[in-house]
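# Remarks on the overall topology
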Amino acid sequence: MNEVSPELRWNPQLGDWVIVSAQRETRPWQLTTTCPFCPGAPETLGDWDVLVLPNRFPALEPKAEKPALKPKSPYKVSKANGVCEVVVETREHEGDLCDLSLEHMAKVIEVFKSRYQKLGSLSYVKYVLIFRNKGAVIGVSLHHPHSQIYALPFTPPKIRRELNNAKRYMRRSNRCLFCDILDFEKSDRIRVIYENEAFTVFTAFSAMWPYETHIYPRRHVQSLLDLDGEERLTLADSLRVVTATYNNLFDFDMPYIMVFHQKPVDGKDYGFYHMHIEFYPPYRDKEKLKYAAGIEWGAGTFTYDGSPEERAQELKEACLKAVRKLKGG
Ligand code: ZN
Ligand code: ZN
Ligand code: FE
């Protein structure tokens, strides 16, 4: 057994942290034995409908040790203090978010909210990232429906960039960047896929992934903590509709990455930010995957083959089918 603590290594060229954890090398890949998340497994005894478990192969640890290496500038290292959790969304071994009832989905969101709050109150946690990986092509090792939470000791680069841009936008125009995007999409309509009482779903104007969609609360809120019970229910509806839309797009279960973008939990004021949820499915059509390769990984610039507006049209049609199935039973 390897008891080496994970550590953070600073990439001075990019100004980003990398989480290095020797331990995770040993994590299972596409388990074929019994499912550790199904009821009756050692960790899943008892009565539950949504279950939070510690990640058995955490990239971060609450009591991570000081890194052994003490490199000189420009290198630096730091303790990988944090928490990695798994949210088992249902007792059922199969399915997607759209297969949960509306009430059950709302319960999952409530769990997300309370973990965001709880983990966010830990002194060493600066950011709580809630995400969901679905499908073997995304690299999912366990099939049973689950999301993950990483409570990080820093605000990750993508969020940092959004925060910086939103702050600058607010300073310049006295308006929220995300509220303005919403206004534009709502008047333009071309990329809007679905809307309910409190949320708008649309394909991103400058999408990086072919069928990328975003879910925005129409109210200017910074995290799940700001949503009331009614809004959580409408968020549950949005998540079910988006995942059902993806599964209706082609004749297969669509893999995707889902990520919640919320404000950091370092106690500072982020009134200029606006929470939202992003989905990145890896397919560009029924048969072909979109790969991030040279231009994407090598330069950080995404290329988009096709038109987001045409794909929005396809998604709208899939959404109509999905909603009919979800609401008609
Ligand atoms: Zn299972
Ligand atoms: Zn806003
Ligand atoms: Fe975002």
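The shown structure was predicted, so the numbers you read here are calculated from the model rather than taken from an experiment.

### Some points on the coordination of the zinc ion (ligand 1)
- Donor atoms from the polypeptide that bind the zinc ion (ligand 1) are Cys35 (SG), Cys38 (SG), His93 (ND1) and His144 (ND1), placed at 2.0 to 2.4 Å.
- Between the four donor atoms coordinating the zinc ion (ligand 1), the angles at the centre fall across 104 to 119°, so the site counts as tetrahedral.
- One chain supplies every donor to the zinc ion (ligand 1), and in sequence these donors are spaced C-x2-C-x54-H-x50-H. With Cys35 in the loop between β2 (16-20) and β3 (51-54) and His93 in the loop between β5 (83-88) and α1 (102-120), this residue pair connects regions lying 58 residues apart in the sequence.

### Things to note about the coordination of the iron ion (ligand 3)
- Only Glu162 (OE), Glu162 (OE), His261 (ND1), His276 (NE2) and Glu278 (OE) from the protein reach the iron ion (ligand 3) as donors, at distances of 1.9 to 2.8 Å.
- Here the donor residues of the iron ion (ligand 3) share one chain and are spaced in sequence as E-x98-H-x14-H-x1-E. Of the two residues, Glu162 is situated in helix α2 (residues 157-173) and Glu278 in strand β12 (residues 276-280); the sequence distance between them amounts to 116 residues.
- Take Glu278: its relative accessible area is 4%, and that puts it in the buried class.

### Focus: the nonpolar core
- Judged by nonpolar contacts, the single largest core of 49 residues is most densely connected at Leu235, Leu239 and Phe260.
- Residue contributions to this core peak at eight residues, all from α1.
- Contacts of Phe260, omitting those with residues within four sequence positions, involve Phe112, Tyr127, Leu129, Ile130, Leu224, Leu235, Leu239, Met275, His276 and Ile277.
- Listed in part, the 27 residues of the second largest apolar core include Ala80, Cys179, Tyr216 and Tyr270.

What counts and how
Residues numbered from 1 in each chain as written. Chains lettered and ligands numbered in written order. Predicted model: local features only at pLDDT ≥ 70, side-chain atom pairs only at ≥ 80, totals over all residues. Heavy atoms only, no water. Donors = N, O, S within 2.8 Å, 3.2 Å for Na, K, Ca; no water. Tetrahedral: all angles 85-135°; square planar, octahedral: opposite > 155°, others 65-115°. Helix = DSSP H or I, 4+ residues; strand = E, 2+ residues; numbered from the N terminus. Buried < 20%, exposed > 50% of the residue type's maximum accessible area, 1.4 Å probe, protein only. Core = buried A, V, L, I, M, F, W, Y, C linked by side-chain atoms within 4.5 Å. Contact = heavy atoms within 4.5 Å.

Fair warning: the whole summary comes from geometry, so function is off the table for now.
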